[in-house]
Amino acid sequence: MDELNGKLIACQILITGLIARVANEQRDPLRFLTDFRDEIKAVVNGVNIAGLDNTDRVRAIAQKNVDELFSLMKPPSSD
């Protein structure tokens, strides 16, 4: 289980870096991140979760992970 958690954390770090890299190349990085976050949250809300009794809990955890992922990103500095 620890190995799986480590791999998931590594994936989150990789995805965060990729999103930040793409955002930095945009004209308005903060707007890009906000729009992208909203799109990801919409996908999480709309995805079909089959085979579980408590899909609301799974969806809430996924939403929390999205929020945590984007909270790691900071707006560009004013320098």
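Residues numbered from 1 in each chain as written. Predicted model: local features only at pLDDT ≥ 70, side-chain atom pairs only at ≥ 80, totals over all residues. Heavy atoms only, no water.

Caption draft 1: Spatial organisation of the overall build of the protein chain. Across its full length, the protein chain carries three helices and zero strands. Burial status across the protein chain gives 16% buried among its 79 residues. Of the roughly 6500 Å² that the protein chain leaves accessible, carbon and sulfur atoms contribute 56%. (Helix = DSSP H or I, 4+ residues; strand = E, 2+ residues; numbered from the N terminus. Buried < 20%, exposed > 50% of the residue type's maximum accessible area, 1.4 Å probe, protein only. Areas by Shrake-Rupley, 256 points an atom, 1.4 Å probe, with all protein chains shown as cover.)

Caption draft 2: Layout of the pattern of salt bridges. Per the counting criterion, the structure on display carries five salt bridges. Linking Asp38 and Arg37 is a salt bridge whose minimum nitrogen-to-oxygen distance equals 3.1 Å. Assessed through its relative accessible area of 39%, Asp38 is described here as partly exposed. The class for Arg37 is partly exposed, based on a relative accessible area of 28%. Taking the shortest distance from any N to any O, the salt bridge between Lys41 and Asp67 comes out at 2.9 Å. Within this pair, whereas Lys41 is found in helix α2 (residues 29-46), its partner Asp67 is found in helix α3 (residues 55-71), the two being separated by 26 residues in sequence. (Salt bridge = Lys/Arg side-chain N within 4 Å of Asp/Glu carboxyl O.)

Caption draft 3: Focus on the packing of aromatic side chains. A full pass over the atoms with the stated rule returns one aromatic pair. Centre to centre, the rings of Phe32 and Phe36 are 5.8 Å apart; their planes meet at 15°, and the pair counts as stacked. Here the residue Phe32 and the residue Phe36 both occupy positions in helix α2, the gap between them amounting to four residues, near one helical turn. (Phe/Tyr/Trp six-rings, centres within 6.5 Å; stacked < 30°, edge-to-face > 60°.)

Caption draft 4: Spotlight on the nonpolar core. Among the nonpolar cores identified, the biggest contains seven residues, and these are Ile19, Ala23, Leu33, Val44, Val66, Leu69 and Phe70. Within the residue set of this core, elements represented by two or more residues are α1 (2-24), α2 and α3. When residues no more than four places from it in sequence are discounted, the contact partners of Val66 are Arg37, Ile40, Lys41 and Val44. (Core = buried A, V, L, I, M, F, W, Y, C linked by side-chain atoms within 4.5 Å. Contact = heavy atoms within 4.5 Å.)

Caption draft 5: Geometry of the packing of α2 against α3. Packing of α2 against α3 brings their axes to within 9 Å, and their N-to-C directions diverge by 170°. When the interaxial angle is binned, α2 and α3 end up roughly antiparallel. Crossing geometry of α2 relative to α3 is assigned as right-handed. Two secondary-structure elements touch here, α2 through Leu33, Phe36, Arg37, Ile40, Lys41, Val44, Asn45 and Gly46 and α3 through Arg59, Ala62, Gln63, Val66, Asp67 and Phe70. When grouped by side-chain class, the residues that make up the contact of α2 with α3 number seven nonpolar, three polar and four charged. (Axes fitted to C-alpha atoms, helices over the stretch in contact; angles between N-to-C directions. Parallel < 35°, antiparallel > 145°, perpendicular 65-115°, else oblique. Left-handed = near helix turned anticlockwise from the far one by under 90°. Nonpolar A, V, L, I, M, F, W, Y, C, P; charged D, E, K, R; others polar.)

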